[in-house]
Number of protein chains: 2
Amino acid sequence: MSRVPLRIAILGYGQIAQTQHVPSITANPDLDLVACITRRDIAPQGVPISASVAQLQASGLAVDAVSLCNTPGERMSTAFEVIAAGWHTMLEKPPAATLGAALAIEQAARDANVSLFASWHSRFAPAVAAAKRVLAGKRIDRIEIQWREDVRKWHPGQDWIWETSGFGVFDPGVNALSIATEILPCEIEVAAAQLQVPANRQMPIAAHLHFNGKGVPDAATASFDWRETAGEQWAIHVDHEGGSLALLDGGARLLIDDAPVAVGDEGEYPRLYRHFVDLMRESASDVDLRPMRLVADAFLIGNREVTDEFSI
Amino acid sequence: MSRVPLRIAILGYGQIAQTQHVPSITANPDLDLVACITRRDIAPQGVPISASVAQLQASGLAVDAVSLCNTPGERMSTAFEVIAAGWHTMLEKPPAATLGAALAIEQAARDANVSLFASWHSRFAPAVAAAKRVLAGKRIDRIEIQWREDVRKWHPGQDWIWETSGFGVFDPGVNALSIATEILPCEIEVAAAQLQVPANRQMPIAAHLHFNGKGVPDAATASFDWRETAGEQWAIHVDHEGGSLALLDGGARLLIDDAPVAVGDEGEYPRLYRHFVDLMRESASDVDLRPMRLVADAFLIGNREVTDEFSI
């Protein structure tokens with residue numbers, strides 16, 4: 001039984017839209033990419049460009065949904081416009097620059113009765129669902145998150161990431177937190193945070209978090225570091241009452257008691273868009289702000305240490 | 001008709017407990033102060049001391065409620081103990097060191113079916129309710145918050161306030177935000193924040209916030225400054241479609257269209273405890289984390305500027 005595809009526009013056509021969003025949309029038979037809202041003059045081939053949400057709306061083109069791939073700082077005002085147009089809305093991570101803005105978007109979507117998907121792409125990595133099944137209902141004895149990468153390799157020239165509302169090392173770090181909050185059977189909270197901030201930057205280049213909370217063991221930490229060149233890793237290690245689990249490569253690989261488990265290799269974004277289609281078909285929303293709240297709490301109680309200047 | 005008083009203990013017997021909580025409890029005929037939980041050996045006269053929640057519970061003394069006047073950093077673990085004992089719980093402001101900890105306390109209270117009051121004492125200042133009535137349903141044209149005081153006068157020797165989880169100038173600032181979120185008919189969110197941090201401190205000594213949000217005017221700001229000596233003020237000015245309003249002296253005085261309005265002069269804490277009694281009698285809770293969320297958002301997107309060293 002075939003269903004009529006949902007007509008979707010993307011807002012913002014930067015790197016992540018080009019490499020992930022557009023290919024995942026065009027490969028999805030339930031979606032038709034009908035417009036690209038951008039102030040620049042490049043767009044996916046054959047897709048009409050609108051300069052703004054207002055211009056797209058004025059064009060009279062039929063649209064069901066918009067996927068927002070713009071920067072977090074622009075998210076609230078553009079989401080308000082999209083929602084006011086009556087279109088379902090998907091947000092790249094993080095959903096907005098602040099918790100308040102994210103909550104305001106959630107309220108607007110609820111009032112307008114449109115589906116809202118505040119997406120966390122890392123949750124759709126191949127091994128995440130399997131890891132969650134392993135840990136369900138288990139006593140947790142140790143949590144160690146290591147998210148270490150070379151910022152010069154992954155964020156060349158992206159100065160905004162170092163500015164306020166750019167999150168710094170929490171831009172990748174929130175991916176780890178989005179996985180941890182998804183797979184762990186206990187609620188982690190930030191008990192203490194050390195933030196290392198380059199003398200010439202606003203945002204941290206490294207962070208060390210210690211977690212607490214109900215059912216959270218004393219040994220529960222996260223280390224995020226953007227200065228790793230030789231030993232990059234995106235790993236979550238969990239010891240539990242029944243053994244151990246290691247989620248590696250950002251959720252792409254799973255070890256159970258040190259033995260690899262087959263988990264498939266489909267990318268994150270195709271599954272992300274399938275989930276968005278499901279939400280729209282079911283008139284449902286998926287908004288979980290816990291990863292972002294953990295980041296805000298880390299900034300709120302974080303102890304800042306000024307470290308070497310860093311240029312990219 | 002007289003009712004049996006509720007038996008209440010205070011946890012923490014520092015300055016605010018001594019000057020505000022204990023006098024307000026003892027003056028309230030619906031409350032009996034039955035214990036003081038403190039690690040020190042001073043307590044209100046005639047009130048038995050327990051060294052911990054566990055010790056109070058082991059003593060077998062009948063207790064209905066505990067008011068937590070300890071520091072925010074200790075709030076979550078002690079609240080968990082109090083709630084697990086089945087006692088209604090009141091939290092001084094801010095409710096916890098992090099949003100996550102505050103939410104965890106809220107969840108624990110819900111699970112244990114006890115009343116939880118995350119109190120914001122400034123909301124009980126004499127003129128706040130009247131100001132809220134004036135603004136209800138109005139279009140807001142300007143919001144200006146000025147919270148300027150001499151930290152050396154108000155927080156002598158309180159070094160914890162400058163450390164992480166001490167909030168810095170947001171310790172008084174959150175009082176302003178607790179009033180603003182109570183009286184305004186629109187939801188303010190932090191659009192931008194400038195934080196001035198002394199070179200020898202972790203927490204800001206001054207902050208300037210710019211707000212946005214649905215129905216929030218462009219002219220919507222807050223200035224918090226701890227370096228004010230000559231012109232201390234705790235003021236919220238609001239222009240609305242029908243005129244202007246000024247809430248002065250932290251909510252103690254109200255001007256409507258520049259004319260003073262009579263509002264009574266009962267203190268904040270006696271009313272706070274009457275509200276807590278009402279909550280317990282009605283098996284209700286009052287937990288509004290918006291003031292704290294605004295602080296967390298200000299830290300999350302705040303632009304930090306290092307300023308002169310400051311000693312107290």
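Quick caveat: nothing in here was measured; it's all calculated off a predicted structure.

Enquirer: Provide a residue-level description of the sheet that holds strand 13 (residues 253-256) of chain B, including the pertinent values.
Expert: All names here are of chain B. Ordered by their spatial adjacency, 9 strands build an open sheet running 14-13-12-11-7-10-9-8-15, and the pairing between neighbours is mixed. Here the strands that pair on one side only, and so sit at the sheet edges, are strand 14 (259-261) and strand 15 (303-307). Adjacent strand axes in the sheet meet at a mean angle of 15°, parallel and antiparallel pairs treated alike. Here 6 bridges tie strand 7 (residues 140-148) to strand 10 (residues 220-225), and the two strands are oriented parallel to one another. Counted as the bridge partner of Trp 147 is Phe 224 from strand 10.

Enquirer: Describe in detail the interface of chain A and chain B, supporting the description with residues and values.
Expert: Each partner contributes to the interface: chain A provides 31 residues, whereas chain B provides 31 residues. Regarding the contact of chain A and chain B, the summed buried area is about 2500 Å², with carbon and sulfur atoms giving 64% of it. At the boundary of chain A with chain B, the tally comes to 0 salt bridges. Elements with a contribution of two residues or more to the side of chain A that touches chain B: helix 3 (72-84), helix 4 (99-112), strand 8 (189-198), helix 9 (290-301) and strand 15 (303-307) of chain A.

Enquirer: Would you mind going over the relation of the copies chain A and chain B in detail, with residue names and values included?
Expert: Between the two copies, chain A and chain B, the superposition gives an RMSD of 0.0 Å; the rotation angle is 180° and the shift along the axis is 0.0 Å. Such a combination of rotation and displacement between the chain copies is what one expects of a two-fold axis.

Enquirer: Please set out the domain arrangement of chain A residue by residue, giving values where relevant.
Expert: Residue and element names in this part refer to chain A. Split into domains, chain A comes out as domain 1 (6-118) and domain 2 (123-266 + 295-307). Once you take the C-alpha centre of each, domain 1 and domain 2 turn out to be 28 Å apart. Taken together, the 8 residues of domain 1 in the interface contact 9 residues of domain 2. Where domain 1 meets domain 2, there are 1 salt bridge. With its nearest N and O atoms 3.6 Å apart, the salt bridge here joins Asp 171 to Lys 93.

Enquirer: Could you give an account of the sheet that holds strand 8 of chain A, with specific residues and numbers?
Expert: Residue and element names in this part refer to chain A. Spatially, 9 strands are ordered 14-13-12-11-7-10-9-8-15 in an open sheet, and the strand pairing comes out mixed. Only two strands of the sheet have a single neighbouring strand rather than two, namely strand 14 (259-261) and strand 15. Taken over all neighbouring pairs, the strand axes of this sheet differ in orientation by 15° on average, direction set aside. Sheet topology places strand 7 (residues 140-148) next to strand 11 (residues 233-240); 8 bridges connect them, and they run antiparallel. Residue pairing in the sheet places Trp 147 in a bridge with Trp 234 of strand 11. Of the strands in this sheet, strand 7, strand 8, strand 9 (206-212), strand 10 (220-225), strand 11 and strand 12 (243-248) are in contact with helix 7 (residues 170-183), which crosses strand 7 at around 155°.

Enquirer: Tell me what's going on with helix 9 (residues 290-301) of chain B, and back it up with residues and numbers.
Expert: Residues and elements named next belong to chain B. Helix length check: helix 9, at 12 residues, gives a terminal C-alpha distance of 16 Å against a target of 16 Å (1.5 Å per residue), a fit within 8%. When you tally the buried positions in helix 9, you get 11 out of 12 residues, the bulk of the element. Buried residues of helix 9: Pro 291, Met 292, Arg 293, Leu 294, Val 295, Ala 296, Asp 297, Ala 298, Phe 299, Leu 300 and Ile 301, and no others.

Enquirer: Quick one: what's the story with the packing of aromatic side chains, residue by residue and with numbers?
Expert: In this structure the tally under the stated criterion is 14 aromatic pairs over all chains. An angle of 50° between the planes, with centres 5.3 Å apart, marks the rings of Phe170(A) and Phe299(A) as tilted. Taken together, the residues Phe170(A) in helix 7 and Phe299(A) in helix 9 connect sequence positions 129 residues apart. Under the relative-accessibility criterion, Phe170(A) is labelled buried at 0%. With relative accessibility at 1%, the residue Phe299(A) sits in the buried group. On the numbers, 5.8 Å between centres and 90° between planes, the contact of Trp154(B) with Trp234(B) is edge-to-face. Taken together, the residues span a long stretch of sequence, with Trp154(B) in helix 6 (residues 151-154) and Trp234(B) in strand 11 (residues 233-240) at a distance of 80 residues. An aromatic cluster is built from Phe117(A), Phe124(A) and Phe276(A), whose rings are joined through pairwise contacts. Lying over the aromatic face of Phe80(B), Lys214(A) brings its terminal NZ or CZ to 4.1 Å of the ring centre.

Enquirer: Tell me about the pairing of strand 8 of chain A, and name the residues and values.
Expert: As paired elements, strand 8 of chain A and strand 9 of chain A share 7 bridges and run antiparallel to each other. Looking at strand 9 of chain A, one finds that Leu195(A) is bridged to Ala207(A).

Definitions and limits used
Residues numbered from 1 in each chain as written. Chains lettered and ligands numbered in written order. Predicted model: local features only at pLDDT ≥ 70, side-chain atom pairs only at ≥ 80, totals over all residues. Heavy atoms only, no water. Pairing = 2+ DSSP bridges. Helix = DSSP H or I, 4+ residues; strand = E, 2+ residues; numbered from the N terminus. Axes fitted to C-alpha atoms, helices over the stretch in contact; angles between N-to-C directions. Contact = heavy atoms within 4.5 Å. Buried area = accessible area lost by both parts, 1.4 Å probe. Salt bridge = Lys/Arg side-chain N within 4 Å of Asp/Glu carboxyl O. Least-squares fit on C-alpha atoms with pLDDT ≥ 70 in both. Domains from an automatic or database assignment. Expected span 1.5 Å × (residues − 1). Buried < 20%, exposed > 50% of the residue type's maximum accessible area, 1.4 Å probe, protein only. Phe/Tyr/Trp six-rings, centres within 6.5 Å; stacked < 30°, edge-to-face > 60°. Lys NZ or Arg CZ within 6 Å of the ring centre and 35° of its normal.

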